[in-house]
Structures are given as C-alpha cells and as structure tokens.
Amino acid sequence: MANWLIYGAYGYTGKLVVEEAVKRGHKPMLAGRNRAKLAPLAEKFGLEWRAFGLDDGAALATAVTDATAVPPFDLIFHAAGPFSRTSDPMLQACLKSGAHYVDITGEIAVFENTFRYDAKARDAGLTFISGVGFDVVPTDCMARYVADQLPGATELELSITALGSASAGTTNTMLESMTALKKGSIVRRHGRYQHIPINATRKKVMFSDGRARTLTPLPWGDLATAYRTTGIPNITTNMQLPIPPGMVPFFGLNRALMSIAPIRKLAQALVARQVQGPDDHTRQTAKSYIYARAADEAGNFAEAWLETIEGYRLTAVAGVRIAEKIMAGEAPAGTPTPALAFGPDFILEIEGTKRFDALPDDKVMGRH
Ligand SMILES: NC(=O)c1ccc[n+]([C@@H]2O[C@H](COP(=O)([O-])OP(=O)(O)OC[C@H]3O[C@@H](n4cnc5c(N)ncnc54)[C@H](OP(=O)(O)O)[C@@H]3O)[C@@H](O)[C@H]2O)c1
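What you see is a predicted model; the values in this text were computed from it and never measured.

Caption draft 1: Up close: the overall build of the protein chain. Secondary structure summary: the protein chain contains 15 helices and 15 strands in total. Taking all 368 residues of the protein chain together, 45% fall into the buried category. A separation of at least 24 residues holds for 72% of the contacts in the protein chain among residues at least 6 apart in sequence.

See the structure below:
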C-alpha cells in the first residue's frame, strides 16, 4: 500500500481527511506540530504519527524522508493552513525528498507560488496540486467544462453558493486574506489581477435548487487556477458577501485593523475558541451550488450548473480521491490544476454530484 502522510491531521478538516482515508482502506501516517493533539487521534485510528513543525527547512525535509518511512513517502497531504504560512516549506521538503504534494488551499498567492514549482516538479517526475478541496475542485471542473464547449471564450464567470458554516481555520484564513484586499475585491482582466470596489457589481444568479441569490465579485482561488486551466483572460468569481451590505463601508477599517499583527492574532485566537465548523448533520445534508458561464466577443456562450455535497465533506472526499489518483500514477508531473490533471468530469465521481446543461423547467422561473 502506498505510503503517505497527512500533515495538519488534527485540524477540523484534517480530521475529516483522515476519516475519509481510513474509510477507503488507507493507513497514512499522521503529522502536525502538536504531539498532544496528534497522539490521541493516531491512536483512535491505529495509525503511526510524527510530530514536527514547519519552521526548520532542513529538519522538515528529514522528517518527510527518513526514519520509519521506508521507502520514503509517496505523497504529502497538507491540511494545515493558512497556507500562505505553511505551504512553501512543505513544497520544498517534498521536492527534496521526492514526494508528491497536495493541499487544500483557496489562497490565490499560494496557488501562484505552487505554479512556480512547475519546471522543478516536472524534472523530478512529481505532481504538486494545490486546491484539492471545495476550493477549487468543483469550480475548476466547471470552468473547464464550459470553456471546452466554447474555444476562443474571453469571459468566464463562476458563481458559488455554499450552504453551511465555516470552520475556525477557514475563518482565520479569511481574516489573513483580508489584509491582502488592499483596494477592495479582485477580478482577472486581460490576464491580470485587477482590484474593484467591494460590492461594486451585484447580480442575481439562479442556481439549480431554483433559488436566485444576490452575489458580488469576491476573490476565489479560481482567479488563479481557472486562468491556468482555461487560458480565459477575464475571470470573475461571484459569491454572497459574508458581511451585511450595510457593513461594506467599514470593510476598509476591518482590513486596516487586521493588518496589525497583535489585533489579527487576538481575533484569530477568539475565532479558534468560538467557531466550531459545521456539525456532522450539516456536513451530511447541506449542499453546494455552482453556476459557470463562458462567453466570447461575438456573444456566444456556454453555461452549466452543478449541485454537489457540503464543502468540508467534499474537501475530504475529493482530496483523498486525488491523492489516490496521483499515487496510482494517473496525474501528469508538474503543477496541474485539478481539472487539468483529471478532466472536467472528475467532479461527477464525487457522490451526490449532478451537473446540468440547462436548468430543469421547474427551476427556470424568475431566472435573471
Ligand atoms: N480548499 C477548501 O475548500 C478548504 C476546505 C477546508 C479548509 N480549508 C483550509 O484549510 C485550512 C485548515 O482548515 P481547518 O478547518 O482544518 O482549520 P483548523 O481546524 O484551524 O486547523 C488548522 C490546522 O493547521 C495547523 N497549523 C496552522 N498553522 C500552522 C503552522 N504554522 N505550522 C504547523 N501547523 C499549523 C493547526 O495546528 P495547531 O492546532 O497546532 O495550530 C491545525 O492542525 C485553512 O486554511 C482553511 O481555509 C480549505
């Protein structure tokens, strides 16, 4: 059986990944920086574990290669974020030790950093894929699906609505990302990232549950990955604003506060104590919806809708499937996106997922 390691195993999402891996018959080694949190989890599942931090590059590379792992790890599943702080040391360790790499980031800067490893990963015959979770597997597959139907498309819109709540890790990563939103929200125009005011262009989007939602452009990992997947130069990712519209004028103040390290750390500590993440019932029952539309300059367009499972459950299920495919030699070397590696239909392999080329008649009423 392949030999792999899950880092950040005791985090909210890490635990879901461990459960999914065990359910599918794997015996990954568990890792993280806190042995007191790691040991009971590993014991519960009868798995080996190893505690190490990410701060000392040489020690990290050794931890990833050596000791009980013979032969060295085939793959590292990185679940410890914010990845802006944790991903690069792990990528370097994987390159040094010859292990494939996946993570569950949604952070644009992290995707761009992973892409910079493309040539080195190819030379080493390794696959490094960032974003094997809800961000960006379903949207990346949908981006490729509509782009494949309209060669020459110049515009891509991805609209996302995820029902259910966020974990502490996601909330903290959002707080971390807020400081990067220096001039408002972000879209991609003419191949480049461009800032636009928060809440500047709101629109109603109809999803396949028959409900229209008011969305606004917010930065999502696809601004990096869908560009790599499709080459479409103008990309907008729409979501529901996570704060009430009346709070938008205060966004700049929030961002300024979050850029002060002690205040951000205090806020993150409060989040870690207060925010629990979706419970088991929500993970089993909530749904996520995506609408994708590619258009060209002549006014032609291709569109599709997706209904899939709750985001954290999807992250564990899709992430483990992708790890399996990489270890089975089914992914190209380098830094492909999920849809470049496995095609637009990969998302349909996830239980509870349906794709529609048109809205069912009973869902079309009130479409905008
Ligand atoms: N792609 C997606 O759709 C998706 C889905 C779910 C989660 N995520 C992302 O995944 C990350 C984890 O989310 P979560 O819900 O599992 O959060 P969580 O419960 O807060 O867990 C975070 C984990 O990361 C570890 N960690 C954080 N900073 C670290 C560092 N500098 N060195 C080593 N370990 C570190 C934590 O260890 P300690 O307890 O020792 O600090 C913990 O194990 C977040 O960035 C979140 O945004 C993405």
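So, next bit.
Caption draft 2: Spotlight on the site of the ligand. Surveying the vicinity of the ligand reveals 33 residues, the closest of which are G11, G81, G133, S167 and G169. Counting residues per element, the shell around the ligand draws most heavily on helix α8 (residues 168–178), which supplies four residues. Residues that form the shell around the ligand fall into these classes: 11 nonpolar, 19 polar and three charged.

Caption draft 3: Main features of the nonpolar core. Ranked by size, the top nonpolar core spans 96 residues in total, and within it I6, Y7, I76, F77, C94 and M142 carry the most contacts. Examining the composition of this core, we find that nine residues originate from one element, helix α13 (residues 311–327), more than from any other. When residues are assigned to domains, this core turns out to be shared by domain 1 (4–133 + 313–342) and domain 2 (137–311 + 349–364), each giving three or more.

Caption draft 4: Spotlight on the packing of helix α7 (residues 137–149) against helix α9 (residues 222–230). Look at α7 against α9: their axes get within 9 Å of each other, and the N-to-C directions meet at 35°. For the pair α7 and α9, the crossing hand works out as right-handed. For the pair formed by α7 and α9, the contact residues are T139, D140, A143, R144 and A147 on the first element and D222, T225, A226, T229 and T230 on the second. Residue composition of the contact of α7 with α9, by class: three nonpolar, four polar and three charged.

Caption draft 5: How the structure looks around α7. Here α7 contains 13 residues, and its C-alpha end-to-end distance of 19 Å stays within 8% of the 18 Å for a straight helix at 1.5 Å per residue. Of all the 13 residues making up α7, 11 are buried; the element is thus mostly covered by neighbouring parts of the structure. For α7, every residue scored as buried is listed here: V137, P138, T139, D140, C141, M142, A143, R144, Y145, V146 and A147. On its buried side, α7 packs onto β7 (155–162), α9, β13 (287–295), β14 (301–309), α13 and α14 (338–342).

Caption draft 6: Seen up close, the sheet that holds strand β4 (residues 75–78). Ordered by their spatial adjacency, six strands build an open sheet running β3-β2-β1-β4-β5-β6, and the pairing between neighbours is parallel. With partners counted over all chains shown, the strands left at the sheet margins are β3 (49–51) and β6 (128–129), one partner each. Packing against the sheet, helix α1 (residues 12–23) makes contact with β1 (4–7), β2 (29–32) and β4, and its axis sits at approximately 155° to β1. Strand contacts of helix α4 (residues 83–97): β1, β4, β5 (100–103) and β6, with the helix running at about 170° to β5, the strand carrying the most contacts.

Caption draft 7: Just the environment of I108, in detail. Mapped onto the elements, I108 comes out in helix α5 (residues 108–115). By the C-beta count within 10 Å, which is 21 here, I108 ends up buried. Note: C-alpha distance between I108 and D222 (114 residues apart in sequence) is 7.9 Å. Leave out the neighbours within four places in its chain, and I108 touches P219, G221, L223 and A224.

Caption draft 8: Structural context of the pairing of β1. Because side chains alternate across β1, one face comprises the buried residues W4 and I6, and the other comprises L5 and Y7, equally buried. With four bridges joining them, β1 and β4 adopt parallel strand pairing. Within β4, the residue paired with Y7 across the bridge is H78. Here β1 pairs with β2 via three bridges, running parallel. Its bridge partner lying in β2, L5 is registered against M29. As a crossover connection, the stretch from β1 through α1 into β2 is right-handed.

Caption draft 9: Here's a closer look at unusual backbone geometry. The omega torsion of the bond from G81 to P82 falls at 10°, within 30 degrees of zero and hence cis. Each neighbour pair has its own omega, and for D135 with V136 the value is 20°, a cis peptide bond.

Caption draft 10: View of α5. Among all positions in α5, only I108, V110, F111 and T114 are buried. End-on, the buried residues of α5 take up no more than an arc of 165°, which puts them together on one face. On its buried face, α5 is in contact with α4, β6 and α9.

Caption draft 11: Looking closely at the packing of α5 against α9. For the pair α5 and α9, the least separation of the axes is 8 Å and the interaxial angle reads 40°. Between α5 and α9, the interaxial angle falls into the category oblique. On α9, the residues touching I108, F111, E112 and F115 of α5 are L223, A224, T225 and R228. Tallied by class, residues from the contact of α5 with α9 come to five nonpolar, one polar and two charged.

How each quantity is defined
Residues numbered from 1 in each chain as written. Predicted model: local features only at pLDDT ≥ 70, side-chain atom pairs only at ≥ 80, totals over all residues. Helix = DSSP H or I, 4+ residues; strand = E, 2+ residues; numbered from the N terminus. Buried ≥ 20, exposed ≤ 12 C-beta atoms within 10 Å, placed from the backbone. Contact = placed C-beta atoms within 7 Å. Near = placed C-beta within 6 Å. Nonpolar A, V, L, I, M, F, W, Y, C, P; charged D, E, K, R; others polar. Core = buried A, V, L, I, M, F, W, Y, C linked by C-beta atoms within 7 Å. Domains from an automatic or database assignment. Axes fitted to C-alpha atoms, helices over the stretch in contact; angles between N-to-C directions. Left-handed = near helix turned anticlockwise from the far one by under 90°. Expected span 1.5 Å × (residues − 1). Pairing = 2+ DSSP bridges. Right-handed = clockwise from strand over helix to strand, strands pointing away. Arc of directions from axis to C-beta. Parallel < 35°, antiparallel > 145°, perpendicular 65-115°, else oblique.

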